[in-house]
There are 2 protein chains.
Amino acid sequence: MRHFHRHLTRSFTAVALACTLLVAAPASQAQAPQLPPPDATNPVTLQLMQGFPPPPDKLVRLANTLKYPNVRWAAQHLRELGPTATVWRGAAAPSALPAAPRALPDTLAFADGKGAPTTLADWQKATYTDALLVLHRGRVVYERYHIGMQPQQPHVLWSMSKSLVGLLVTELIQEGTIDANAPIPRYLPELASSAWADATVQQTLDMTTGVKYAENFADPTSGVFQYLAAAGLQPAPPGSNLAKSMAEHLPTVQKEGEHGTAFAYKSVDSEVLGWLLQRVTGKSYATLLSERIWSRLGTQEDAYVFADANGGQATSVGVNATLRDLGRLGEMLRSNGRFNGQQIVSPATIAELRKGADPALFSKAPGTAMRAGYSYHNQWWVPHDADGSFEAKGLMGQHIHINPAAELVVVKLSSHPVPNTAFTHALDRQAFAALAKAVR
Amino acid sequence: MRHFHRHLTRSFTAVALACTLLVAAPASQAQAPQLPPPDATNPVTLQLMQGFPPPPDKLVRLANTLKYPNVRWAAQHLRELGPTATVWRGAAAPSALPAAPRALPDTLAFADGKGAPTTLADWQKATYTDALLVLHRGRVVYERYHIGMQPQQPHVLWSMSKSLVGLLVTELIQEGTIDANAPIPRYLPELASSAWADATVQQTLDMTTGVKYAENFADPTSGVFQYLAAAGLQPAPPGSNLAKSMAEHLPTVQKEGEHGTAFAYKSVDSEVLGWLLQRVTGKSYATLLSERIWSRLGTQEDAYVFADANGGQATSVGVNATLRDLGRLGEMLRSNGRFNGQQIVSPATIAELRKGADPALFSKAPGTAMRAGYSYHNQWWVPHDADGSFEAKGLMGQHIHINPAAELVVVKLSSHPVPNTAFTHALDRQAFAALAKAVR
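What counts, and where the lines are drawn
Residues numbered from 1 in each chain as written. Chains lettered and ligands numbered in written order. Predicted model: local features only at pLDDT ≥ 70, side-chain atom pairs only at ≥ 80, totals over all residues. Heavy atoms only, no water. Helix = DSSP H or I, 4+ residues; strand = E, 2+ residues; numbered from the N terminus. Buried < 20%, exposed > 50% of the residue type's maximum accessible area, 1.4 Å probe, protein only. Areas by Shrake-Rupley, 256 points an atom, 1.4 Å probe, with all protein chains shown as cover. Lys, Arg positive; Asp, Glu negative; His and termini not counted. Charge placed at Lys NZ, Arg CZ, Asp CG, Glu CD. Least-squares fit on C-alpha atoms with pLDDT ≥ 70 in both. Core = buried A, V, L, I, M, F, W, Y, C linked by side-chain atoms within 4.5 Å. Contact = heavy atoms within 4.5 Å. Axes fitted to C-alpha atoms, helices over the stretch in contact; angles between N-to-C directions. Parallel < 35°, antiparallel > 145°, perpendicular 65-115°, else oblique. Left-handed = near helix turned anticlockwise from the far one by under 90°. Nonpolar A, V, L, I, M, F, W, Y, C, P; charged D, E, K, R; others polar. Buried area = accessible area lost by both parts, 1.4 Å probe. Salt bridge = Lys/Arg side-chain N within 4 Å of Asp/Glu carboxyl O. Pairing = 2+ DSSP bridges. Polar contact = N/O pair within 3.5 Å; in protein donor to acceptor, adjacent residues only side chain to side chain. pLDDT = per-residue confidence, 0-100. Phe/Tyr/Trp six-rings, centres within 6.5 Å; stacked < 30°, edge-to-face > 60°. Lys NZ or Arg CZ within 6 Å of the ring centre and 35° of its normal.

Here's the deal with the overall build of chain A
Piece 1. When its secondary structure is counted, chain A shows 14 helices and 15 strands.
Piece 2. Structurally, chain A occupies a C-alpha span of about 60 × 55 × 45 Å along its principal axes.
Piece 3. When the 440 residues of chain A are sorted by exposure, 61% land in the buried category.
Piece 4. Approximately 15500 Å² of chain A is accessible, and the part contributed by carbon and sulfur atoms is 54%.
Piece 5. One finds the centroid of the 38 positive side-chain charges in chain A at a distance of 3 Å from the centroid of its 34 negative side-chain charges.

Let's talk about the relation of the copies chain A and chain B
Piece 1. By a simple turn and slide, chain A fits onto chain B: the slide is 0.0 Å along the axis, the RMSD is 0.0 Å, and the turn is 180°. Accordingly, the operation relating the two chain copies is best matched by a two-fold axis.

Describing the nonpolar core
Piece 1. Counting 100 residues, the largest nonpolar core has Trp196, Val201, Ile293, Leu326, Leu329, Met332 and Leu333 of chain A as the members making the most contacts within it.
Piece 2. When residues in this core are grouped by element, the largest group, eight residues, is from helix 5 (residues 160-174) of chain A.
Piece 3. Discounting chain neighbours no more than four positions away, the residues touching Leu333 of chain A are Leu167, Ile350, Leu353, Trp380, Phe390 and Ile402 of chain A.
Piece 4. The next biggest cluster of nonpolar side chains, apart from the first, holds 99 residues, and it includes Val156, Leu277, Trp294 and Ile402 of chain B.

Brief notes about the packing of helix 5 (residues 160-174) of chain B against helix 12 (residues 347-355) of chain B
Residue and element names in this part refer to chain B.
Piece 1. Helix 12 packs onto helix 5 with a crossing angle of 125° between their chain directions and a minimal axis gap of 9 Å. By the angle between their axes, helix 5 is oblique relative to helix 12. The element helix 5 and its partner helix 12 pack so that their crossing is right-handed. For the pair helix 5 and helix 12, contact is made by Gly166, Leu167, Thr170, Glu171 and Gln174 and by Ala348, Thr349, Glu352 and Leu353, respectively.
Piece 2. Taken together, the residues of the contact of helix 5 with helix 12 break down into three nonpolar, four polar and two charged.

Concerning the interface of chain A and chain B
Piece 1. Facing the 33 residues of chain A at the interface are 33 residues of chain B.
Piece 2. Taken over both partners, the interface formed by chain A and chain B buries close to 2600 Å², and the fraction arising from carbon and sulfur atoms is 50%.
Piece 3. One can count zero salt bridges joining chain A with chain B.
Piece 4. Elements represented by at least two residues in the side of chain A that touches chain B include exactly strand 1 (84-87) and helix 9 (267-281) of chain A.
Piece 5. Residue composition of the side of chain A that touches chain B, grouped by class: 14 nonpolar, 10 polar and nine charged.

Remarks on the sheet that holds strand 7 (residues 303-306) of chain A
The strands making up a sheet are joined through hydrogen bonds of the backbone, oriented either antiparallel or parallel.
Piece 1. Pairing is antiparallel across the open sheet formed by four strands, whose spatial order is 1-7-8-6 (chain A). Edge strands, defined here as strands with exactly one partner in the open sheet, are strand 1 and strand 6 (155-156) of chain A.

Quick word on the pattern of salt bridges
Piece 1. Under the criterion given, the structure shown has 38 salt bridges over all chains.
Piece 2. Of the charged contacts, one joins Asp198 of chain A and Lys255 of chain A as a salt bridge, the two residues approaching to 2.8 Å between their closest N and O atoms. In this pair, Asp198 of chain A is assigned in the loop between helix 5 and helix 6 (201-206) and Lys255 of chain A in the loop between helix 8 (246-249) and helix 9, connecting sequence segments 57 residues apart.
Piece 3. Owing to a relative accessible area of 44%, Asp198 of chain A belongs among the partly exposed residues under this scheme.
Piece 4. Residue classification places Lys255 of chain A among the partly exposed residues on the basis of a relative accessible area of 29%.
Piece 5. In this structure, the salt-bridge partner of Arg440 of chain B is Asp387 of chain B, at a minimum N-O distance of 3.0 Å. Remark: Asp387 of chain B occurs in the loop between strand 12 (380-382) and strand 13 (390-394) and Arg440 of chain B occurs in the segment after helix 14 (425-439); sequence separation between them is 53 residues.
Piece 6. Overall, the relative accessible area of 21% leaves Asp387 of chain B in the partly exposed class.
Piece 7. Residues participating in the shared-partner salt-bridge network are Asp385, Glu391, Lys393 and Arg429 of chain A.

Here we look at the side chain of Thr119 of chain A
Residue and element names in this part refer to chain A.
Piece 1. The topology assignment puts Thr119 in strand 3 (residues 117-119).
Piece 2. A residue is classified by how much of its surface remains accessible, and Thr119, at 19% relative accessible area, is buried.
Piece 3. Within the structure, the side chain of Thr119 is placed 3.0 Å from the backbone nitrogen of Asp122, a separation counted as a polar contact.
Piece 4. In this view, Thr119 contacts Asp106, Thr107, Leu108, Ala109 and Phe110; residues no more than four positions away in its chain are not counted.

Describing the confidence of the model for chain A
Piece 1. The pLDDT averaged across chain A works out to 90; a share of 91% of its residues lies at or above 70.
Piece 2. Here residues 1-32 of chain A scores under 50 on pLDDT; set against residues more than four positions off or in separate chains, the count is 67 contacts.

Considerations on helix 7 (residues 223-231) of chain A
All names here are of chain A.
Piece 1. Taken across its nine residues, helix 7 has eight buried, putting it largely inside the fold.
Piece 2. For helix 7, every residue scored as buried is listed here: Gly223, Val224, Phe225, Tyr227, Leu228, Ala229, Ala230 and Ala231.
Piece 3. Phi turns positive one or two residues past the end of helix 7, at Gly232, with a value near 80°.

Re the environment of Gly311 of chain A
Piece 1. Within the element layout of this structure, Gly311 of chain A appears in the loop between strand 7 and strand 8 (319-321).
Piece 2. For Gly311 of chain A and Leu413 of chain A, which are 102 residues apart along the polypeptide, the C-alpha to C-alpha distance reads 27 Å.
Piece 3. Dropping the residues within four chain positions of it, Gly311 of chain A is found in contact with Met49 and Arg61 of chain B.

What to know about the sheet that holds strand 8 (residues 319-321) of chain B
All names here are of chain B.
Piece 1. With respect to topology, four strands assemble into an open sheet ordered 1-7-8-6, the strand pairing being antiparallel. Because the sheet does not close on itself, it has two edges, and the strands there are strand 1 (84-87) and strand 6 (155-156).
Piece 2. Note: strand 1 against strand 7 (residues 303-306), four bridges, orientation antiparallel. Each residue of the ladder has a partner; that of Thr86, found in strand 7, is Tyr304.
Piece 3. The sheet contacts of helix 10 (residues 285-297) involve strand 1, strand 7 and strand 8, and relative to strand 1 the element is tilted by about 20°.

Observations concerning the packing of aromatic side chains
Residue and element names in this part refer to chain A.
Piece 1. Per the counting criterion, the structure on display carries 24 aromatic pairs over all chains.
Piece 2. Between Phe362 and Trp381, the ring centres sit 5.9 Å apart and the planes meet at 85°, which makes this aromatic pair edge-to-face. Here Trp381 lies in strand 12 (residues 380-382) and Phe362 lies in helix 13 (residues 359-362), a separation of 19 residues in the sequence.
Piece 3. The exposure class of Trp381 is buried, given its relative accessible area of 4%.
Piece 4. Members of the aromatic cluster, each reached through a chain of ring pairs, are Phe263, Tyr265, Phe362, Tyr374, Tyr376 and Trp381.
Piece 5. Here the basic side chain of Lys412 rests over the ring of Trp123, its NZ or CZ set 5.4 Å away from the ring centre.

So, in structure tokens, the structure goes:
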């Protein structure tokens, strides 16, 4: 245990970074005082992982992935750092993703929300963007790749992975395979003595479970350290006896407070749902995603999921996919579940995702003030705006923003130095509004 | 060091299995006295890695991969056990691999070489086959998958990976980028004090280097343990200070005997060539394979390469690819480098691979008696038979057999309990001859 503490002290910076990006950090943490200039964090010009072998100071490994800016390289190369499972694209030809007759220019101007003008190009640079895709009525109006990212490269989704879990659970509820009001142990008896003993599927979907799971990275006993080690996303400190897989970890997580009374963002809820999906269907998460979504969208590339030490798949944060394939996903969601000539998920599922939950429960969580009016429902973020928007979000700036009224889909993949997407939330909302206005 | 010895004793069986499969074991080891019946080693019926999570006794991890029959599961799932890099198939549609008008039957009969009759189906079962593809004039005359393997699943090639390295080095020699007669340190100064200090590229290609590298798995100090740990293919014993990457390991390997006087099979020669390729081109091995071969063949699926702890790619044994894509590769080789409407490698490269080396040097190596008349040239096995055949081979029964006279390509992927392919060599030769006769 002494060794464990020593290790934690040493890797404090790295782990601190990790944690806020997995969770909705308090607003006070959202503004980092000194950020590295975006140009100084480009892994290509920094020559990270270049050379055979790369020099020791340019090596990015799992243990130093979260030391900025290493994560800018790792976000495009996660499979090179550990075990992964294929989400097969299927054998059919990719579906069309045609260019629109008129593209949006880099110079598209809008107000940054603080009284200054900005542009589409400047917004991307200011938010450490790796790739950006904008679709209007299913046609590409804007597509850019930065810092060496290639169109065929899967990029880590971090917590946007949760929204894929939510989509599949919602669909299985619609199909009658899962009962939203059932307690979790009906499907996962392993959790009968855990926090989820009396939590329903719906509470877990909405993250209103009462779970003792502080994401406090200043405290070495905080649940987040156990979570990272169990997911295989960070090496367990040598000598520690942390659970080495999610299936070992989740049954040890205990209840705190009451279920259903307040939103609190926690990745373990999503891992429970991922486990539930696999138990109910008898299929691995990667297989499910392939059979139900990826192969039917007509994606261009395989996606993949990061795996833990027992081969368990990191359903809450571990999916990696290309920009254009996420565009296809977004377009399917915008089109009430229809894409590539077929109904991929039911319209009722999309309606359920879009309807959101109670913003009053959402606002009880610390750090949600800047997202006033939002709710979190079935693992999707819902702004409750006039356009009926709904969103997937992941740490360091992953976004799928769907605006049905404007017939708009925006996919933004980023690797910014402040983990929480709250860092750029106000500016991103300005940009999404400007894009909606530009295509209307 | 004490701990290291204890570990080795414990994992003796697993490692013993590992080693012979990477090398050409003496003939005396080729016959295992008691083999498990093929039906008793099917990972699907054994329920290996099934369930969420799999029960502890059904878990396959890198550390127990080589404990038979775990490797039968692992051969189809290597990316789920560690870091890997994508060999991208490219963006174009897959090339055609049409069915022949008449397929070969499972009942195709031939003599097993020991005086008994056998069939195509029985040969596959007796040799623990995972998948088999037979092409005649580029058309599929036979295609089967066993023990749960799917057509889209990459299968580990083990030492067939070496033949891909040899193909690329030969092509770069033909192009004038690499000088076959240059000493290795001209390109890799890191090896100036190693076994390769005065070895030429050609000697390394033909494995006639004199390298102190016993593949003796009864001796814990044998080079093969260092090789496995450096490649990332087996965890380094806890407490050992073995090199953790190939780039650290190769410079420590020392000379023994004289270069150019005898063949001796050793994976480290192939790793030197893989390093050479990357140094000379400035591209990773996975990128080179994609750009020069995989994307141009019009493959159906991405391939991938296993990576070591520093992201170095295991060029000698770490490539994984699908059956049909290996069929495309074999057909390109049979067709003097032409496939998918383009010249992919030069006819001179194919001619060089086919010409073989001096069988007299080959026969000096122990265990080569049953392959009398063969030579090993530019990482390809050449039987010097009347049909001009040439072959790639990998442990546990990986084969690409190309018979230009019969216009035949056979790809066989297996996971048999005796590592060395010598185990089934005589029977495989009978089968290849029967297939050539059947299509003629």
